[in-house]
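Fold and contact review
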Amino acid sequence: MAFIVGVDIGGTFTDLAVQDEATGEVRVMKVPSTPGDQSVGMMRGLEAMDLAAEEIALILHGTTVATNAVLERKGARCGLIMTEGFRDVIELRRRDRPETYGLKGQFRPLVSRDCRVEVPERTDHRGHVEERPRAEAIREAAATLLDRGVEVVIVSFLNAYANPENERYAREVLEEVWPNPYVIAAAEVLPEIREFERTSTAVLNGYVQPMLDRYLHRLADALRERGYPHEVLLIQSNGGVMSETKARRFPVNTILSGPAAGVNAAVRWGAAAGVDNLVTCDVGGTSLDIAVVAGGAPATARELSLEYGIPLRVPMLDIRSVGAGGGSIAWIDRAGMLNIGPESAGAEPGPVCYGQGGTRPTVTDAQLVLGRIDPHNPIGREGRPLDAGAARESIAQQIGKPLELDAVEAAWAVLEVANHKIAGSIRTLTVEQGLDPRDFTLMPFGGAGPLHVGPLLRELEIARALVPPWPGITSALGCLTADVRHDYVHSVNERLERLDPKALYDAMLGHFAEGRRAIEAEGVRVERIEAAFHADMLYDGQIHEVRTPLPAEPCGRQEIAAAFEAAYAALYGDTVGAHPVRIVNLRTAVTGVRPEAARRPMGAPRGGELRAALKAERPVYFSGGFVPCPVYDRVRLPLGATFGGPAIVEQADATTAIDPGLHVQVDEHGNLVVTVGSP
Amino acid sequence: MTAQTSPLDPLTLAVVRGSLEQMTEEMDLTLKRAAFSPVISEGNDLANGLYHAETGEVIVQGKWGLAIFIGIMQFTTEAVIRVAARRGAEEGDVFLVNDPYSGGTHLMDVGMVKPFFHEGKLLLWMANRGHWPDMGGMVPGGFAANATEIYQEGLRIPPVKLFIRGELNEDVLTILMNNIRVAEERYGDFRAHLAAFSIGERRLRRLLERYGVDTVMACMAELKARSERQMRSYLAEVPDGTYEYEDFMDSDGVEPDPLRIHVALTIRGSGAHLDFSQSSPPCRGPMNSVIGTTKSASYLAFKHIFPDIPVNSGCFQPITFNVPETTFLNAVLPRPVSGCASEVSQRVADVVMGALGRAAPERASAGIFGTVSNVSLGGIDPERGPYVAYMFNGGGYGGFAEADGLNYGSPVISVARSQPAELYEQRYPVRIRRFALREDSGGAGERRGGLGAEIEVEFLGQSGVLSYIADRGRFPPKGLLGGEPGALCEIEVIDGEQRYVSPHLTKDANIPLRRGTRLRQKTPGGGGYGDPLNRAPAAVAEDVRGGYVSARSARERYGVVLDDDSGEVDEAATAELRRRLRRERG
């Protein structure tokens, strides 16, 4: 017997999903996280599922260790060695301020100024080395940094994207004298032009490296002790997995680990149900993340601002946070307008209804007042009921009074403004890529995502939503099915008419070979290895590149130009015409597709009579007023059952609200297929 | 929420406001991403918005846009409306305008204005603008410090139709493209402006379909009324009275005398009146300001002090002006104006914020750096062809009650981002030799002023010319409540052993360059807030450790004595020194 285990560790919960390789059957489990050492929670989860380590074929892991290190500013003490004249690059940023209006911004860089030193060296923009760094100068810099208590050293030289030779040399010299393995050359993390973004990304890598490294060691020790001999695979921000070894070197790739796993799961569920255009909306207790999957492939992003002045530039799924999660605070501004977020009550103190000291009403409080969630069995509260009275009172006082609405109307207004904000963000995300949201299926997940189905369908004019079987354990399920993936980038930076197509094709083949070697070295069983190629291209003189898909075969300049024009027109509606075109980067994603056996459709909850699934009836507010509303138990909903709104569907990990006028069918995979009007 | 609900229903209002904001944000992003002008695409030197059909008043403006365009686009649209009254405006028309005297800034800010029709009726105007690298004139990049007439500064275009009923007016485009440098890339830029309109049109049509024209228009009127109410509620909290403030520009670039900007801010009830009549008369050089820029810079100052008020014409209603044509802040044709958008505007904002700071001290910051040091460098490169490199810089922010000023931020008038050194080196024949914080440049204070920057650029081409219009070479950003001023702006050109500093310190035009010539700029720091002798000694020690403040300044300005070896505070010696300095300083 062999099992595959997906584990997603968040701040509050450790979610596990286990699949029997032979039968494809999936079981899930939620246990409390252990923030001090997350490996403890994982071990407890494995024990709770009665899994012996030797039965486990593979563990795939989504982690928030790196993310939290940055957000809580608990990362390592880093030192930077930079080209003479440039040690302040990360503090000068791109000269922005936090807000357009108001001049009271503050910024604290991740590397303090006394831990940033310079050495004379220079490479020009063509990659010609004008001055090599002296080994002695690098050793001196290292001594200075060690003296200041630095644990991780990052070398970042100007124009290293064009030629990393000087950085590499400095790294080699450092490795001889540095007392630990934490030595980073920036262009090896990100070989791209723009010194600030490249350095920032490399610094982030260093900042989170020791913490993730130590965590992975503890985890590996604990697993080995129990008889699991393999490497754990880590989910990357790009949705694919990498080996533990690679994660120790490039921990920055795990910053969006958990959310990316969630999108992965959505892609699989969609594929199983025959849907490849999806908008995902992951609503947890505090956060709300949206993403777009077009043609079965999640949209990708190249840059993310972790906070003011700290950009991250690695391949990642384009997952956007919207300040309209359950914990987002509703408030009235001076103009008497209702606003939601961006301030959040977070997990502590949490919404008013948690009774943990929160005094400002949140979206969750509004859901409660409207009867959409059950105060006696709240998700993830382990039997601690919610205080509906307090929620009602805070909404009445802080929202209702100024707007001259009663508590219920005010709660409804809070939900509607939140829904509009989510819908607006989804619209922006789709239209940015030239996509029409109406061509998509909505997939809400997370514990609270399915509460928003109806309004989002209406606002976005989307015809159909798919509520997956376990919305609240999505990321763990996504870990289970993730493919192995490695991304490569090669700086070309040539006018198209001067491009040597053969050299480009050689670079593509080189990437493919490198990816293949990496995947084979990781020893994960894959069915086949695929590569997808893109070029970052633009009209010469422009700055923002257009991601242009390239065919996986030798192609000439004309084909490349045509591919670019098609991509450009799709984005901006038209091309610029006869203007020289530049190809900036080649990007390759090499994917090791894991075998089909491991990806049977997620086991659906067991069936029965629809009537048997009816567990209660309670008044629930939908547009227009409270209506008597049946409450179904999700695990007892039979496959193939159909019913109409209004209805509430409850399960241990999520609640779904079906508005009047919506129709539901439980499909063969256990998804709730929600459509507007009759089926 | 349905289409039938009353327009004043708080929900519909919130939703319509959100949609309008989102739509203009998308227009900003489209213009930015599709533009060729690096000042637009990397620098965010752009704006998009919707404007009232009859009055041109701003309804909503995108959040990525340049802050100084907050009021300007409204004045531009007003100018277009005046022309349209004579020449008509039809569906598919697009007006082109860069004339500072038609509600503009400087000639490089190119605006497009398009009427939006709904069911055959003009419903509102869409407008956008972006900084084009060159509009012709006597120096590449347009910042001619020695210009004495606007005709020398470049091609001036009052509102003309670039498109007539959807058809490109090629004659206009031909005139334009034959009178500017590096014209080729501008074909892409004007398409980027149009792409932003088409995104905005699509979004607006959808909003109208969803809620109906009456509801949407009623919401716009209501949003204006609410912004006005919000601004008035803030002003009502400020004690009535007249608050004066003044500051100076170094010179106009032609004559040596400083230019005075004086404001008397009168708060009465919930209204504010700004009287600039005691300011200097119009000047010969390019430091004149057009009325639109003067007003817009003043609006902007109020927005910085009261940042949460949504931008629409409502928030400007409570503010009235007296800016006579006898001052350089309301120049008339043909005065040159290239320094107005980026330099004079900052000083106008500085004095208005200074006066507001006197009226509402709890909201005040010490002086901000106040010059973007516009530098343009042009020539013909054998490898790259003709080029115009335009650069501008940031500096330190003033300290304020809660914290130190930000190091190296963008100016009050914008959130324009700096361009990477690596991109400059790739695009232009230059090597950036140094880009660093300028140590000791923040004004000493209990809350220290933020630091400016040092930038050194080496010219690698065969021949070229350098022009710049900066300021704050003579009058530093002021300290507040006992804080010291920030460091002055310094610009020098180094050619071998020779160091050249302009007689105007911060302004010069067409300085010839040869290979190896270096430009060295030091941008100002922000002013300090509160007595430096009250700054926590540990914070001073921290500043010295990071090199933000020198050990000498720690001693002489902050009265903090540090141990030479450990860098720790010598408590006893510090207490003694501070006692002595307090006595000496009185």
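Analysis parameters
- Residues numbered from 1 in each chain as written.
- Chains lettered and ligands numbered in written order.
- Predicted model: local features only at pLDDT ≥ 70, side-chain atom pairs only at ≥ 80, totals over all residues.
- Heavy atoms only, no water.
- Helix = DSSP H or I, 4+ residues; strand = E, 2+ residues; numbered from the N terminus.
- Rg over C-alpha atoms; globule rule 2.2 N^0.38 Å.
- Buried < 20%, exposed > 50% of the residue type's maximum accessible area, 1.4 Å probe, protein only.
- Areas by Shrake-Rupley, 256 points an atom, 1.4 Å probe, with all protein chains shown as cover.
- Lys, Arg positive; Asp, Glu negative; His and termini not counted.
- Charge placed at Lys NZ, Arg CZ, Asp CG, Glu CD.
- Contact = heavy atoms within 4.5 Å.
- Salt bridge = Lys/Arg side-chain N within 4 Å of Asp/Glu carboxyl O.
- Polar contact = N/O pair within 3.5 Å; in protein donor to acceptor, adjacent residues only side chain to side chain.
- Nonpolar A, V, L, I, M, F, W, Y, C, P; charged D, E, K, R; others polar.
- Axes fitted to C-alpha atoms, helices over the stretch in contact; angles between N-to-C directions.
- Left-handed = near helix turned anticlockwise from the far one by under 90°.
- Pairing = 2+ DSSP bridges.
- Core = buried A, V, L, I, M, F, W, Y, C linked by side-chain atoms within 4.5 Å.
- Expected span 1.5 Å × (residues − 1).
- pLDDT = per-residue confidence, 0-100.
- Phe/Tyr/Trp six-rings, centres within 6.5 Å; stacked < 30°, edge-to-face > 60°.

Observations concerning the overall build of chain B
- Within chain B one finds 12 helices and 20 strands.
- In terms of C-alpha radius of gyration, chain B reaches 25 Å, essentially the compact-globule figure of 25 Å for 586 residues.
- Viewed in the frame of its principal axes, chain B has a C-alpha envelope of about 80 × 60 × 45 Å.
- Classification of the 586 residues of chain B by burial places 65% in the buried group.
- For chain B, the accessible surface area stands at approximately 19,400 Å², while carbon and sulfur atoms represent 49% of it.
- Separation between the mean location of the 64 positive side-chain charges and that of the 76 negative ones in chain B comes to 1 Å.

Quick look at the overall build of chain A
- Looking only at helices and strands, chain A features 17 helices and 35 strands.
- For 679 residues, the compact-globule formula gives about 26 Å, and the C-alpha radius of gyration of chain A, at 26 Å, lands near that figure.
- Judged by the C-alpha coordinates and their principal axes, chain A covers about 80 × 60 × 60 Å.
- A separation threshold of at least 6 residues defines the contact pool for chain A, and within that pool the share at least 24 residues apart is 68%.
- Counting every atom, chain A has about 24,200 Å² of accessible surface; 50% of that belongs to carbon and sulfur.

Overview of the interface of chain B and chain A
- On the chain A side, the residues contacting the 93 residues of chain B number 76 residues.
- Residue Glu422(B) is joined to Arg198(A) by a salt bridge in which the shortest nitrogen-to-oxygen separation is 2.6 Å.
- Summed over the shared surface of chain B and chain A, the result is 51 residue pairs in polar contact (both at pLDDT 80 or more).
- Secondary-structure elements contributing two or more residues to the side of chain B that touches chain A are helix 1 (10–34), helix 2 (38–41), helix 5 (186–211), helix 6 (213–237), helix 7 (291–305), helix 9 (421–427), strand 14 (430–437) and helix 10 (537–546) of chain B.
- Among the elements that take part in the side of chain B that touches chain A, helix 1 of chain B stands out by supplying 15 residues, more than any other.
- Among the residues making up the side of chain B that touches chain A, the classes are represented as 42 nonpolar, 21 polar and 30 charged.

Observations regarding the side chain of Asp114(A)
- Turning to its location among the elements, Asp114(A) is positioned in the loop between helix 3 (89–92) and strand 6 (116–119).
- No salt bridge is formed by the buried Asp114(A); the nearest opposite charge belongs to Arg77(A), separated by 4.1 Å.
- Here Ser112(A) takes part through its side chain, which lies 2.7 Å from a polar atom of the side chain of Asp114(A).
- Dropping the residues within four chain positions of it, Asp114(A) is found in contact with Arg77(A), Arg148(A), Arg545(B) and Gly546(B).

Some remarks on the packing of helix 3 (residues 69–87) of chain B against helix 7 of chain B
Residue and element names in this part refer to chain B.
- Across the interface, helix 3 lies against helix 7 with an axial gap of 7 Å and an inter-helix angle of 145 degrees. Crossing geometry of helix 3 relative to helix 7 is assigned as right-handed. Residue-level inspection shows Phe69, Ile70, Gly71, Ile72 and Phe75 of helix 3 in contact with helix 7, the latter providing Gly292, Thr293, Lys295, Ser296, Tyr299, Leu300 and Lys303.
- Grouping the constituent residues of the contact of helix 3 with helix 7 by class yields six nonpolar, four polar and two charged.

Considering the side chain of Asp667(A)
All names here are of chain A.
- With respect to the helices and strands, Asp667 occurs in the loop between strand 34 (662–666) and strand 35 (672–676).
- No salt bridge is formed by the buried Asp667. Its closest oppositely charged neighbour is Arg464, at 7.3 Å.
- Side-chain polar atoms of Asp667 contact the backbone nitrogen of Asn671, separated by 2.9 Å.
- In this structure Asp667 touches Ala273, Leu639 and Val673, once residues within four positions along its chain are discounted.

Digging into the environment of Ala14(B)
- Structurally, Ala14(B) is set in helix 1.
- Sequence separation between Ala14(B) and Leu223(B) is 209 residues, and the spatial gap between their C-alpha atoms is 9.3 Å.
- Dropping the residues within four chain positions of it, Ala14(B) is found in contact with Met337(A), Leu338(A) and Val417(A).

Section: the environment of Leu71(A)
All names here are of chain A.
- Along the chain, Leu71 turns up in helix 2 (residues 65–71).
- Leu71 sits in the exposed class, given a relative accessible area of 51%.
- Between the C-alpha atoms of Leu71 and Leu306, which are 235 residues apart in sequence, the distance is 7.8 Å.

Some words on the pairing of strand 9 (residues 259–268) of chain B
Residues and elements named next belong to chain B.
- Summarising burial for strand 9: eight of the 10 residues are buried, a large majority.
- In this sheet, strand 9 lies alongside strand 8 (residues 241–249) in antiparallel orientation, the contact comprising nine bridges. Its bridge partner lying in strand 9, Glu244 is registered against Ala264.
- Of the pairings in the sheet, the one linking strand 9 to strand 10 (residues 271–275) comprises five bridges and is antiparallel in character. In the sheet register, Ile267 faces strand 10, and the bridge partner there is Ala272.
- Linking strand 9 back to strand 10 in an antiparallel pair, the connection comprises two residues, with Gly269 at a positive phi of about 60 degrees.

Remarks on the pattern of salt bridges
Residue and element names in this part refer to chain A.
- Considering all chains together, one arrives at 93 salt bridges over all chains under this definition.
- The residue Arg116 makes a salt bridge to Asp88 at a minimum N-O spacing of 2.8 Å. With Arg116 in strand 6 and Asp88 in the loop between strand 5 (78–83) and helix 3, this residue pair connects regions lying 28 residues apart in the sequence.
- With a relative accessible area of 1%, Arg116 lands in the buried category.

Considerations on unusual backbone geometry
- The peptide bond linking Gly645(A) to Pro646(A) adopts the cis configuration, its omega dihedral lying at 0 degrees.
- A cis amide bond links Leu333(B) to the next residue, Pro334(B), at an omega of 0 degrees.
- Checked against the element boundaries, Pro334(B) lands in the loop between strand 11 (319–322) and helix 8 (340–359).
- The backbone of Arg194(A) shows a phi angle near 100 degrees, a positive value even though the residue is not glycine.

With respect to the sheet that holds strand 19 (residues 507–514) of chain B
All names here are of chain B.
- Pairing is antiparallel in the open sheet, where four strands are placed in the order 13-12-16-19. The strands lining the two open edges of the sheet, one partner per strand, are strand 13 (385–391) and strand 19. Sheet twist, expressed as the mean angle between neighbouring strand axes with direction ignored, is 15 degrees.
- Here strand 12 (residues 374–381) runs beside strand 13; their pairing, made up of seven bridges, is antiparallel. When the sheet's bridge partners are listed, Val375 is paired in strand 13 with Met391.

Points about the nonpolar core
- In terms of nonpolar packing, the biggest core is built from 251 residues, with Phe276(B) and Phe302(B) touching the most fellow members.
- The leading source of residues in this core is helix 8 of chain B, at 10 residues.

Here's the deal with helix 6 of chain B
- In a regular helix each residue adds 1.5 Å, so 25 residues correspond to 36 Å; helix 6 of chain B covers 37 Å between its end C-alpha atoms and thus fits that length.
- Turning to helix 6 of chain B, its buried residues are Thr215(B), Val216(B), Cys219(B), Met220(B), Glu222(B), Leu223(B), Arg226(B), Ser227(B), Gln230(B), Met231(B), Tyr234(B) and Leu235(B).

Notes on the pairing of strand 6 (residues 160–164) of chain B
Residue and element names in this part refer to chain B.
- Two strands pair when backbone bridges link them, and strand 3 (residues 94–97) and strand 6 are joined in this way by three bridges, in the antiparallel orientation. When the sheet's bridge partners are listed, Phe95 is paired in strand 6 with Lys161.
- Two strands pair when backbone bridges link them, and strand 6 and strand 7 (residues 167–168) are joined in this way by two bridges, in the antiparallel orientation. Paired with Ile164 across the strands is Glu167, a residue of strand 7.
- Between the antiparallel neighbours strand 6 and strand 7 lie two residues, among them Arg165 with a positive phi of about 45 degrees.

A closer look at the confidence of the model for chain A
- Summary statistics for chain A give a mean pLDDT of 90 and a share of 96% for residues scoring 70 or more.
- Contacts for the low-pLDDT stretch residues 597–601 of chain A, under 50 throughout, to residues beyond four places or in other chains number 12 contacts.

Remarks on the sheet that holds strand 30 (residues 625–633) of chain A
Residue and element names in this part refer to chain A.
- An order of 29-30-32-33 is seen for the four strands of this open sheet, with the pairing classed as mixed. Of all the strands in the sheet, just strand 29 (614–622) and strand 33 (654–658) have a single pairing partner and so form its edges. Mean inter-strand twist for the sheet, computed between neighbouring axes without regard to direction, equals 25 degrees.
- Strand direction decides the pairing type here: strand 29 and strand 30, joined by eight bridges, are antiparallel. Note on strand 30: the bridge partner recorded for Ala616 is Val631.

Quick word on the packing of aromatic side chains
- Counted under the stated rule, the structure contains 20 aromatic pairs over all chains.
- Geometrically, the ring pair formed by Tyr621(A) and Phe626(A) is edge-to-face, given 5.3 Å between the ring centres and 85 degrees between the ring planes.
- Judged by its relative accessible area of 9%, Tyr621(A) falls in the buried class.
- Taken together, the aromatic side chains of Tyr539(A), Phe564(A), Tyr568(A) and Phe36(B) make up a single cluster linked through ring pairs.

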